[in-house]
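Residues per chain, in single letters:
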Amino acid sequence: MNPDILKERKSATFDVDKMTNILDGGPEMTKRRREIESLVFSDPDFREMDPNFLSRSERYDQAVRKSAQMILKLREYGIADPEEIYYYKNIARGNQLEAMGLHFVMFLPTLYSQCDEQQARKWLPLAESYQAVGTYAQTEMGHGTHLRGLETTATYDPATQEFVLNSPTVTSIKWWPGGLGKTSNHAIVLAQLYSLGNCHGLHAFIVPIRDMDTHEPLPGIVVGDIGPKFGFSEVDNGFLKLENVRIPRENMLMKYAKVAPDGTYAKPPSAKLTYGTMVFIRSMIVGESARALAKACIIAIRYSSVRHQSEIRAGEPEPQILDYQTQQYKLFPLLAMAYGFTFVGQYMKQTYHRITGDINEGNFSELPELHALSAGLKAFTTWETNSAIEVCRMSCGGHGYSRSSALPDIYVDFTPTCTYEGENTVMMLQTARYLVKSYRQVKAGQQLSGIVSYLNEAEGRRVQPQPVAARPTVVDINDLTSLVEVYKLRAAILVDLAAKSIQQELQRRKSQEDAWNNSSIDLVRASDAHCHYVVVKLFTEKLGEVGDTAIHSVLSTLALLYAMNGIKKNSGDFLQAGLLSVPQVLQISIRIKELLSQLRHNAVALVDAFDVHDMKLNSVLGRYDGNVYENMFEWARRSPLNVTEVHESFHKYLKPLRSKL
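Keep in mind that what you see is a predicted model, and the values were worked out from it rather than measured. (Residues numbered from 1 in each chain as written. Predicted model: local features only at pLDDT ≥ 70, side-chain atom pairs only at ≥ 80, totals over all residues. Heavy atoms only, no water.)

(A) Highlighting the overall build of the chain. A count of helical and extended segments in the chain gives 23 helices and 11 strands. Whereas a compact globule of 661 residues would reach a radius of gyration of roughly 26 Å, the chain reaches 27 Å, a difference of no more than 12%. Principal axes of the C-alpha set define a box for the chain whose edges measure 90 × 80 × 65 Å. Going through the 661 residues of the chain one by one, you find that 54% of them count as buried. Counting contacts in the chain only where the partners sit at least 6 residues apart, residues at least 24 apart contribute 74% of the total. (Helix = DSSP H or I, 4+ residues; strand = E, 2+ residues; numbered from the N terminus. Rg over C-alpha atoms; globule rule 2.2 N^0.38 Å. Buried < 20%, exposed > 50% of the residue type's maximum accessible area, 1.4 Å probe, protein only. Contact = heavy atoms within 4.5 Å.)

Rendered as structure tokens:
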């Protein structure tokens, strides 16, 4: 064990295992997670070549092999609980993506949620036995997040009781679905439904794309891999062109919307039900943001505790770079964010399961809120995490650029979340639409419930932006409850400003559409403030569940740092609204420095509490034992370029350059 990192662990003021239990959701969850981990880490079938030294085809091959191995192992171990399956697979795949990922996170969940009873009897056994390996084909070359703009058509033919699917334009070719290129033999295709001459909008269809025995593409199917991307080297993101592909009427998912044999259409109770799988994925992405950020923080903070550089005082030994206040200021707010996002991820998972349970009972009342909350938090957490991972990489200096650090892979595999399952700006605008609608309901005298209920209180207090002198509000900047209130009022004020911007545009005789577009910057700011408030609120509420004094103390420090750092970064909002004074904002800057100092001796213990095994982290810089340099040298020596002392290029190109004198 590196003596620096050993010293860091000895300075911790709290029980790391107890903190891990809180992050996992309880000691039983930690125990079971570690049992599952041990199954993977002790299994020789999961020891493989470092993917950094493989070609893309080799990485894909290795990923498919690993996917198949995971399925066989899960059967062998009798792991059937969906949460445990997800965790086993998450551990087994390491920092790489799973080749069959969309089969599990989109194809199967869509079948579970949108098949009627007859369809479930047919398709679920096929999908669960992997005879039907599926993906989710929504995004097209010309349209992604704007679902109404999708061009793929499914036209019902009453004479044969079939749907005829077509990609009528180049831009309508399905583009990007993972597993579509080479792995899947079925796809859930989102297409515009036409029946009896009428268009009924976007609906989901089960489309066979490859022969289930030979795996050859079926007639009318043009399918393949879209080529190398920024990351996701293991995944065969694909294209799909449909040329008069006929499928039975029963292949339209009909739990909610239905097409009768004669072509009569029955609409679903809520149009948003078609997008239920996306809401599920967006809810999951919030938790994934926390996990990705946690890994980046583990690597950067552990490395910063063993890396010595420069001098604070001339002639003295080089200090750990974690002793520099600038390094703490880079990393500790991100650590606080990782904790906050972990608790928000727990909340989103619980909320999703609760509301979907209500939906299954026929209660759709909370679906709009779930849709808005999952969209906004997906955007907020992925934007923040994406930037944070890059800060962690740069905080590791040159070594962070090496793929041995794992930070480049964490970044390139996480950054697409800002785009897939809804481009983030559009997601923020969807949340804004819900906020403005809620705001108008309050103005009309209605009382709101749920996460936007603060708009009731804001209306009652007539919250408006005004000079500091006009607002005698007393805010204790060291009290989290006060800071939650300040974040709440900031969100309410920015929603109010965005709604008034729309109203002002309408008064200038702008159309509703132009008024919305001309107010969209304000709308995104309002959504961002709303999501920021939700994170601060949930982080603070989590403290009320913690009984251990030492853990409560360090979590309170993290929560304060997260809330105060957010105020400092967005100080203009708080000052313009009169929520805080200039002296208070200056005091917050001073207080942040104090919080950094308080967290310094617990930093390594706090990242240890995430309990990410070295085999999962796969980072030379983030090793638990802190022995970075020896292992970095060994990693470099494994490079394929080092197989021979003299590369063939020397004889082919360099040696002939030598001119004879």
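Once the structure has been displayed, the description carries forward.
(B) Representation of unusual backbone geometry. Although it is not a glycine, Leu-196 sits at a positive phi angle of roughly 50 degrees. Here Leu-196 shows up in the loop between β5 (186-195) and β6 (198-208). Despite not being glycine, His-215 shows a phi value in the positive range, around 70 degrees. By relative accessible area, His-215 is classed as partly exposed at 30%.

(C) Examining the nonpolar core more closely. Ranked by size, the top nonpolar core spans 158 residues in total, and within it Met-19, Leu-111, Tyr-339 and Phe-610 carry the most contacts. Counting residues per element, this core draws most heavily on helix α8 (residues 276-306), which supplies 18 residues. Core analysis: the next-biggest nonpolar cluster, separate from the first, contains 23 residues, Ala-154, Val-189, Ile-209 and Val-259 among them. (Core = buried A, V, L, I, M, F, W, Y, C linked by side-chain atoms within 4.5 Å.)

(D) How the structure looks around the pairing of strand β2 (residues 153-157). For β2, a buried count of four out of five residues is recorded, marking the element as mostly surrounded by other parts of the structure. Relative to strand β3 (residues 162-166), β2 runs antiparallel, the two being bridged by five bridges. By the bridge assignment for β3, Ala-154 is matched with Leu-165. Pairing of β2 with β5, which is carried by three bridges, proceeds in the parallel orientation. What sits directly across from Thr-153, in β5, is Gln-192. (Pairing = 2+ DSSP bridges.)

(E) Focus on the pairing of strand β8 (residues 238-242). Taking every second residue as pointing to the same face, the buried face of β8 carries Gly-238, Leu-240 and Leu-242, while none of Phe-239 and Lys-241 on the other face is buried. Where strand β4 (residues 174-175) meets β8, two bridges bridge the pair, whose relative direction is antiparallel. Note on β8: the bridge partner recorded for Trp-175 is Phe-239. Here strand β7 (residues 221-225) runs beside β8; their pairing, made up of five bridges, is antiparallel.

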